[in-house]
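# Examining the three-dimensional arrangement
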Amino acid sequence: MDETLGGGATAVARAHSNIALVKYWGKRDAALNIPAVGSISVTLEALYTDTRVTFRPDLAHDEFWIDGSRSDATRVSRVLDLVRARVGHEQRVVVSSTNNFPTGAGLASSASGFAALAVAATGAAGLELTDRELSILARRGSGSAARSILGGFAEMHTGVAADGSDAYAEQLLGAADWPVSVTVAITERGEKSINSTVGMVESAATSPFYPTWLDSAAEDLSEMRAAIAARDFARLGQLSEYNCLKMHALMLTTRPALLYWNAATVAALHAVRGLRADGVPAYFTIDAGPQVKVLSLPADSAVVQATLALVPGVLEVRGSTLGPGAHRLA
Ligand code: 2P0
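Keep in mind that what you see is a predicted model, and the values were worked out from it rather than measured.

About the cut-offs
Residues numbered from 1 in each chain as written. Predicted model: local features only at pLDDT ≥ 70, side-chain atom pairs only at ≥ 80, totals over all residues. Heavy atoms only, no water. Helix = DSSP H or I, 4+ residues; strand = E, 2+ residues; numbered from the N terminus. Buried < 20%, exposed > 50% of the residue type's maximum accessible area, 1.4 Å probe, protein only. Contact = heavy atoms within 4.5 Å. Areas by Shrake-Rupley, 256 points an atom, 1.4 Å probe, with all protein chains shown as cover. Lys, Arg positive; Asp, Glu negative; His and termini not counted. Charge placed at Lys NZ, Arg CZ, Asp CG, Glu CD. Core = buried A, V, L, I, M, F, W, Y, C linked by side-chain atoms within 4.5 Å. Domains from an automatic or database assignment. Buried area = accessible area lost by both parts, 1.4 Å probe. Salt bridge = Lys/Arg side-chain N within 4 Å of Asp/Glu carboxyl O. Polar contact = N/O pair within 3.5 Å; in protein donor to acceptor, adjacent residues only side chain to side chain. Nonpolar A, V, L, I, M, F, W, Y, C, P; charged D, E, K, R; others polar. Pairing = 2+ DSSP bridges. Axes fitted to C-alpha atoms, helices over the stretch in contact; angles between N-to-C directions. Parallel < 35°, antiparallel > 145°, perpendicular 65-115°, else oblique. Left-handed = near helix turned anticlockwise from the far one by under 90°. Phe/Tyr/Trp six-rings, centres within 6.5 Å; stacked < 30°, edge-to-face > 60°. Near = heavy atom within 4 Å.

### Comments concerning the overall build of the chain
Secondary structure assignment for the chain yields 10 helices and 14 strands. Principal axes of the C-alpha set define a box for the chain whose edges measure 65 × 40 × 40 Å. Within the chain, the proportion of its 330 residues that are buried is 55%. Sequence separation of at least 24 residues holds for 75% of the intrachain contacts in the chain that already meet a minimum separation of 6. A total of about 13000 Å² of accessible surface is found on the chain, and carbon and sulfur atoms cover 54% of it. The chain carries 28 positive and 33 negative side-chain charges, and their two centres are separated by 2 Å.

Below you can see the structure in the form of structure tokens.
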């Protein structure tokens, strides 16, 4: 066992949530958690997870606390086992996480959570990993977490290797390279009914649209890469809406159907289309939950926030700029 861990080595990390503009839904390897399609996301400044990892020689099992409550450590331990295997010891840890936003409600808490865990756990273990290695490690916890290692715009690759060694995310543009605003309209605070990991397996097994979803991913990714490289906001926004609705068509044609929207979700979509009719370039995206995220240019974020706040059923509106990659706080 590494002697440096004897005294309860600790690290604290912060990782920000991310929103995919070209979505990940489906896996090519469930055991290694390798996505079946690539994805492109933006990392959000305003939504983040802080995670402290402390090695504890006295514990028989990992302990996982989230927002002050003890939680099931199974998924967290899977990532920790990979870290332990790398440093060659068996010491258990206490993981303590806090989110500054609702957990498990379609705001990508698993993305920020597993990215923060990857950075904090490797930090506490004394490992110095590259962003690519951290992204691969975070992916084993949650596919979307691979992208939260990076700030700004990030692309996740499916890779082709059987062991997932080329399935990682890398940065396309930094947060300051193209300032874009994201407004999050929260329409429900509870946890969603079907989590993404289960939902995507059901879509792959039952939706007649799944093969088309896989076949059309490369084209969406290449168009999104081009829109980002050209800083073409209208193209980015239109493609984000198209790809989001395509994913929800896949979800809706899953048996039983994955219907993540509520009435306020739909009302918010119409409000965004109304903004566009009034000349404000604003575009929506929705993940596996009822929240609506709206992309706009920074100069329009105030009108977007004010409009969404008036939508019946919208409980809270949060504005965000693009944020940094996962990093150590201590
Ligand atoms: C995404 N989502 O690209 C898509 C869009 C939700 C809808 O990635 O099974 O929690 O842990 O790899 O990362 C949510 O999926 O799934 C997700 P796992 P994850 O953001």
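### Some points on the nonpolar core
In globular proteins that are soluble, nonpolar side chains generally tend to be buried together. Counting residues in hydrophobic clusters, the biggest one holds 38 residues, and the most contacted among them are Val53, Val76, Leu80, Val95, Leu117 and Ile149. Among the elements of the structure, strand E1 (10-22), strand E4 (39-56), helix H1 (74-87), strand E7 (92-99), helix H2 (109-124), helix H3 (131-141), helix H4 (145-148) and strand E8 (153-156) are those that each provide at least two residues to this core. For this core, the leading source of residues is H2, giving 9 residues. When sequence neighbours within four positions are dropped, the list of residues in contact with Ile149 reads Ala115, Val119, Asp131, Leu134, Ser135, Ala138, Gly325 and Ala326. The next biggest cluster of nonpolar side chains, apart from the first, holds 26 residues, and it includes Ile19, Leu107, Leu173 and Ala227.

### A look at the domain arrangement of the chain
Parsing the chain into structural domains produces domain 1 (3-176) and domain 2 (181-320). Here the C-alpha centre of domain 2 lies 24 Å away from the C-alpha centre of domain 1. Here domain 1 packs against domain 2, burying approximately 3000 Å² in sum over the two surfaces, 69% of which is carbon and sulfur. For domain 1, the biggest contributors to the area lost against domain 2 are Leu21, Lys23 and Trp25; these three give 29% of the whole. Across the domain 1-domain 2 interface, the total number found is 2 salt bridges. Between Asp287 and Lys23 there is a salt bridge whose closest N-O contact spans 2.6 Å. One can count 9 residue pairs in polar contact (both at pLDDT 80 or more) joining domain 1 with domain 2. Those elements that place two or more of their residues in the side of domain 1 that touches domain 2 are E1, E4, E8 and strand E9 (169-173). Tallying contributions element by element places E4 first for the side of domain 1 that touches domain 2, with 7 residues. Looking at side-chain class alone, the side of domain 1 that touches domain 2 contains 20 nonpolar, 7 polar and 5 charged residues.

### Remarks on the sheet that holds strand E11 (residues 282-285)
The strand order across the open sheet built from 4 strands is E11-E12-E10-E13, with neighbouring strands paired in antiparallel fashion. Looking at strand neighbours, the two that pair on one side only are E11 and strand E13 (316-320), the edges of this open sheet. Taking the axes of each pair of neighbouring strands and ignoring which way they run, one obtains an average angle of 25 degrees across the sheet. For strand E10 (residues 181-186) and E13, the ladder comprises 5 bridges, and the chain directions are antiparallel. Bridge assignment links Ile186 to a residue of E13, and that residue is Glu316. Each of E11 and strand E12 (292-296) touches helix H8 (residues 233-252); the most contacted strand, E11, lies at about 25 degrees to it.

### Points about the packing of H2 against H3
The interhelical angle for the contact between H2 and H3, taken along N-to-C directions, is 125 degrees, at an axis separation of 8 Å. Regarding the angle of H2 to H3, the classification is oblique. By crossing handedness, the relation of H2 to H3 is classed as right-handed. Contacts from Phe114, Ala115, Ala118, Val119 and Thr122 in H2 reach Leu134, Leu137, Ala138 and Gly141 in H3. Across the contact of H2 with H3, the residue classes break down as 7 nonpolar, 2 polar and no charged.

### Observations regarding the packing of aromatic side chains
Scanning the model with the defined rule gives 3 aromatic pairs in all. Plain terms: the ring middles of Trp178 and Phe233 are 6.5 Å apart, the flat faces sit at 85 degrees to each other, and that makes the pair edge-to-face. Within this pair, whereas Trp178 is found in the loop between E9 and E10, its partner Phe233 is found in helix H8, the two being separated by 55 residues in sequence. Centroid distance Phe233 to Tyr283: 5.7 Å. Interplanar angle 70 degrees. Geometry classified as edge-to-face.

### Things to note about the packing of H1 against H3
At their nearest, the axes of H1 and H3 sit 8 Å apart, and the two run at 145 degrees to each other. For the pair H1 and H3, the contacting residues are Arg75, Arg78, Val79, Leu82, Val83 and Arg86 in the first and Glu133, Leu137, Arg140 and Gly141 in the second. Of the residues belonging to the contact of H1 with H3, the class tally is 4 nonpolar, 1 polar and 5 charged.

### Quick look at the site of the ligand
Taken together, 19 residues are adjacent to the ligand, and Tyr24, Lys27, Arg75, Gly143 and Ser144 come closest. Ser110 places a side-chain nitrogen or oxygen 3.0 Å from an oxygen atom of the ligand. Note that an oxygen atom of the ligand is positioned 2.7 Å from one of the side-chain N or O atoms of Thr197. Here the ligand loses 93% of its free accessible area of 460 Å² to cover by the protein chains. Considering each element in turn, the shell around the ligand owes the most residues, 3 residues, to helix H5 (residues 196-206). In terms of residue class, the shell around the ligand is made up of 6 nonpolar, 8 polar and 5 charged. Residues lining the shell around the ligand come from more than one domain, with at least three contributed by each of domain 1 (3-176) and domain 2 (181-320).

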